[in-house]
Amino acid sequence: QVQLVESGGGLVQPGGSLRLSCVASGSSLSIFAMRWHRQAPGKQRELVAAISVGISTYYKDSVKGRFTISRDSAKNTVYLQMNSLKPEDSAVYYCNDAVRVGASPVRDYWGEGTLVTVSS
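We now turn to the structure provided with this report. A quick note: this is a predicted structure, and the numbers were derived from the prediction, not measured. Residue numbers run consecutively from 1 along every chain, following the written order of its sequence. Whole-chain, interface and lining totals are the exception, using all residues; otherwise, since this is a predicted model, local features are given only for residues with pLDDT of at least 70 and side-chain atom pairs are given and counted only at 80 or more. The side-chain figures draw on all heavy atoms in the structure; neither hydrogens nor water molecules are used.

**Considerations on the state of the cysteines**
By convention in this document, the label disulfide applies to cysteine sulfur atom pairs within 2.5 Å. As enumerated under the stated definition, the model contains one disulfide in all. Linked covalently through their sulfurs, C22 and C95 form a disulfide whose S-S length is 1.9 Å. Between C22 and C95 the sulfur-sulfur dihedral comes to about 40°; the bridge is accordingly right-handed. Of this pair, C22 sits in strand β3 (residues 18-25) while C95 sits in strand β9 (residues 91-101), and the two are 73 residues apart along the sequence. A run of H or I in DSSP counts as a helix once it spans at least four residues, and a run of E counts as a strand once it spans at least two, with each numbered from the N terminus.

Written out as structure tokens, the structure is:
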């Protein structure tokens, strides 16, 4: 069983910062890609940032230069540092890891999300 638990969401004023964390727990885990998605009310879920085992990264255009994804593989943790936040960044943020448990095939696991609200 793999569990992903996000933390760090909250209410922040425009221009402010938040740091999201997502910890994966379970036995015999091998974690490959680690990703952050978000979903705003009435909108589709979208990929915001991703990081590979080799530390190559991807960012959605609208967050480039403001968000930074990083990982601590020893702690099975992925982070999302969000700076210069805008109201349009408000959403539920979900982490999503590609995980192999033991010798089983790699599959995607999801956290339950953490709410980020950017408002004055």
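**Points about the packing of aromatic side chains**
Note on aromatic contacts: the rings of Phe and Tyr and the six-membered ring of Trp form a pair at centre separations within 6.5 Å, being stacked when their planes are under 30 degrees apart, edge-to-face when over 60 apart, and tilted otherwise. Enumeration according to the criterion identifies zero aromatic pairs in this entry. Charges are assigned to positions over rings by a cutoff of 6 Å between ring centre and Lys NZ or Arg CZ, combined with an angular limit of 35 degrees from the ring normal. The ring of W110 has R45 sitting right over it, with the charged end atom 4.9 Å from the ring centre. Across from the ring centre of Y109, 4.0 Å away, lies the NZ or CZ of R107, which sits over that ring.

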